[in-house]
Amino acid sequence: MKSTLYVEYQEKQLDEKDLVAKAKKVWTESGKKVSELTSLQLYVKPEENMAYCVFNDDIRSEFTLD
């Protein structure tokens, strides 16, 4: 089964693929390799214009939705 997740809020549309790509960028910009990433949890709060990440079940980070 193929699925796509879209988040829409105040005339913005984000899809899961873009959110995951941004999270991976945050991960690699912190000096880690993509191959070290074993799990990713994303929490999207459009009203705050933020996405919150939990990498590998214990490393937390965040990024703006812009």
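Predicted model, so just to flag it, every value in this text is computed and none were measured.

(A) Region of interest: helix α1 (residues 16-29). Relative to the 20 Å expected for 14 residues at 1.5 Å per residue, α1 spans 20 Å between its end C-alpha atoms, a close match to the ideal helical length. Those residues of α1 lying buried are Leu 19, Ala 23, Val 26 and Trp 27. Down the axis of α1, the smallest arc covering the buried residues is 100°, so these residues share one side. Counted as exposed and oriented over 90 degrees from the buried face of α1: Lys 17, Lys 25 and Glu 29. Packing partners of the buried residues in α1 comprise β2 (12-15), β3 (40-45), β4 (50-55) and β5 (59-64).

(B) Representation of the sheet that holds β3 in the model. On the basis of which strands lie adjacent, the open sheet formed by 3 strands has the order β3-β4-β5 and antiparallel pairing. The strands lining the two open edges of the sheet, one partner per strand, are β3 and β5. In this sheet, neighbouring strand axes are inclined to one another by 20° on average, regardless of whether the strands run parallel or antiparallel. Relative to β4, β3 runs antiparallel, the two being bridged by 6 bridges. Within β4, the residue paired with Leu 42 across the bridge is Cys 53. Taken strand by strand, α1 contacts β3, β4 and β5, and its axis lies near 120° from that of β5.

(C) Fine view of the packing of aromatic side chains. Inspection of the entire model under this criterion finds 1 aromatic pair. Each ring, one from Trp 27 and one from Phe 55, has its centre 5.0 Å from the other, and the planes form 45°; the classification is tilted. Residue Trp 27 is located in helix α1, and its partner Phe 55 is located in strand β4; the two are separated by 28 residues in the primary sequence. A relative accessible area of 3% places Trp 27 in the buried class. Its relative accessible area of 1% is what places Phe 55 among the buried residues. Of note, Lys 32 hangs over the ring of Trp 27, and the distance from its end group to the ring centre comes to 5.3 Å.

Criteria and thresholds
Residues numbered from 1 in each chain as written. Predicted model: local features only at pLDDT ≥ 70, side-chain atom pairs only at ≥ 80, totals over all residues. Heavy atoms only, no water. Helix = DSSP H or I, 4+ residues; strand = E, 2+ residues; numbered from the N terminus. Expected span 1.5 Å × (residues − 1). Buried < 20%, exposed > 50% of the residue type's maximum accessible area, 1.4 Å probe, protein only. Arc of directions from axis to C-beta. Contact = heavy atoms within 4.5 Å. Pairing = 2+ DSSP bridges. Axes fitted to C-alpha atoms, helices over the stretch in contact; angles between N-to-C directions. Phe/Tyr/Trp six-rings, centres within 6.5 Å; stacked < 30°, edge-to-face > 60°. Lys NZ or Arg CZ within 6 Å of the ring centre and 35° of its normal.

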